[in-house]
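Next come the chains, spelled out residue by residue.
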Amino acid sequence: MPLPSFSESDSPSTGATRGPSWSRRQFLGSAALLAATNGLPVGGGRYIDAHSHVWSGDAARWPRVAIPAGQDAGPAEFNADELLAHARPCGVTRVVLIQRGFYLYDNRYMLDVMARYPGKFSAVARVDHTKSGAVPEMEGLALLGVRGFRILPAGEPRTWLDSTGMRAMWALAGQRRLALCPLADPDALPAIERMARRHPETPVVIDHLGRIGADGQFREADINALCGLAQQRQVKVKVSAFHALGNRQPPYLDLVPLIRRVFEAYGPQRLMWGTDSPFQVNQGNTYAASFGLIRDRLDFLSASDREWLLRRTAEETFFS
């Protein structure tokens, strides 16, 4: 089975951007329907979506690089108002924004959104670890409210963290308590574990359950690798991107055994829920369905556990 398209490319190339595959009518229509979803809180919410994206339709003001062939570019635009229209009916009032791949290391649009919506958003930015200015740029972005940095495998997954630039990023992140957020497949987890051992003060947040199930398979070796990483106490995991794992359709019950294993390894205080919107709100997937899996369908969670997954872990990691 081919791997589904996640929201980020490991190595985007320059050039023209692919045309949008979704319409704004799809987004606005599904957002309006969320308010009628049975059982979900409306207004007065307190939850945090630990992983979503926004971008502008103005590619002249906010230039992009090309999306690789076969990867979903998403809609022409997905702005903060559209994201919050999906989030609010579920009681989600704050969101951690993740730098979009086609903006590469130009974090300006995300920072602009944070400035225009004070208190609503935190951010995970990107810097080029191969450049000498990466560490000073991290320090500057932290002053602007960025609380994490996305890192992606390049080349050999066993050695992708061994460069001088990566080591410098990990060292500074540990000093400043900035989360490093790997978007990586299971074969990159051993390298993350080695680096986490060397930098026990550096917060690490694994995206999308380590992408286990991205090809439809839940391999025991992959699950063991992710759960084994829990021995590094500074590592946390995003329980996110249900649209791209397993069967990729609501109600996502095929993911429950994996989530339970990860919960047993990490505990609630090291897990956080995220949607990966707008990719979570297309092709039969909805924001409410992602939220509902955590709130309603994981019977091994207590009310306190849900509070950690849906708010407190992300709050301590990205909003403190």
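Rules of the game
Residue numbers restart at each chain and count upward from 1, following the sequence in its written direction. Reporting in this predicted model follows two pLDDT cut-offs: at least 70 for local features of residues, and 80 or more for side-chain atom pairs to be given and counted; totals over whole chains, interfaces and linings ignore these cut-offs and use all residues. Values reported for side chains reflect all heavy atoms of the structure, with hydrogen atoms and water molecules removed beforehand. Two aromatic rings from Phe, Tyr or Trp, using only the six-membered ring of Trp, form a pair when their centres are within 6.5 Å; if the ring planes differ by under 30 degrees the pair is stacked, by over 60 it is edge-to-face, and anything between is tilted. Summary of the burial criterion: residues with accessible area below 20% of their type's maximum are buried, those above 50% are exposed, and those between are partly exposed, where the area comes from a 1.4 Å probe applied to protein chains only. Lines fitted to C-alpha atoms define the axes here, with helix axes fitted over just the stretch in contact, and angles between the N-to-C directions of these axes take values from 0 to 180 degrees. The helix and strand labels rest on DSSP assignments: H or I over at least four residues marks a helix, E over at least two residues marks a strand, and numbering proceeds from the N terminus. Reported orientations rely on four angle classes, namely roughly parallel under 35 degrees, roughly antiparallel over 145, roughly perpendicular from 65 to 115, and oblique for the rest. The contact definition used throughout considers only heavy atoms, calling two residues in contact when any of these lie within 4.5 Å. Basically, the charged four are Asp, Glu, Lys and Arg, the nonpolar ten are Ala, Val, Leu, Ile, Met, Phe, Trp, Tyr, Cys and Pro, and anything else, Gly included, counts as polar. Each residue gets a pLDDT score, which is the predictor's confidence in that residue and runs from 0 to 100. In this analysis the probe radius is 1.4 Å and the grid spacing 1 Å, with only protein atoms considered; a cavity is a set of points the probe fits into but cannot get out of, a pocket is an open set with protein on both sides within 12 Å along at least five of seven lines, and lining residues have an atom within 4 Å of a point. Grid points are joined across faces, edges and corners, and a volume is the space filled by probe spheres set on the points.

A. Representation of the packing of aromatic side chains. Inspection of every chain in the model, using the stated rule, returns twelve aromatic pairs. Taken together, a centroid distance of 5.1 Å and an interplanar angle of 90° make the contact between Phe102 and Tyr103 edge-to-face. On the accessibility criterion, Phe102 (1% relative accessible area) is buried. With a centroid separation of 6.1 Å and an interplanar angle of 50°, the aromatic rings of Tyr103 and Tyr109 are classed as tilted.

B. Quick peek at the packing of helix α9 (residues 287-297) against helix α10 (residues 303-318). Running from N to C, α9 and α10 cross one another at 160°; their axes reach a closest spacing of 9 Å. By the angle between their directions, the pair α9 and α10 is classed as roughly antiparallel. Along the contact surface, α9 presents Phe291, Ile294, Arg295 and Asp296, while α10 presents Arg306, Leu309 and Leu310. Grouping the constituent residues of the contact of α9 with α10 by class yields four nonpolar, no polar and three charged.

C. Region of the structure containing the confidence of the model for the protein. Mean pLDDT for the protein: 88, with 86% of residues reaching 70 or above. Ignoring residues within four places in sequence, the model shows residues 1-5, a span with pLDDT below 50, making 13 contacts including any to other chains. Contacts for the low-pLDDT stretch residues 9-44, under 50 throughout, to residues beyond four places or in other chains number 78 contacts.

D. Just empty space enclosed by the protein, in detail. According to the stated counting rule, one finds one cavity of 30 Å³ or more in the structure shown. Considered as a void within the structure, the largest cavity measures approximately 40 Å³ in volume. Looking at the largest cavity, the residues that line it are His53, Val54, Leu97, Ile98, Gln99, Arg100, Tyr103, Tyr109 and Met110. Every element with two or more residues in the lining of the largest cavity is listed here: β2 (92-98) and α3 (108-116). By residue class, the composition of the lining of the largest cavity is six nonpolar, two polar and one charged.

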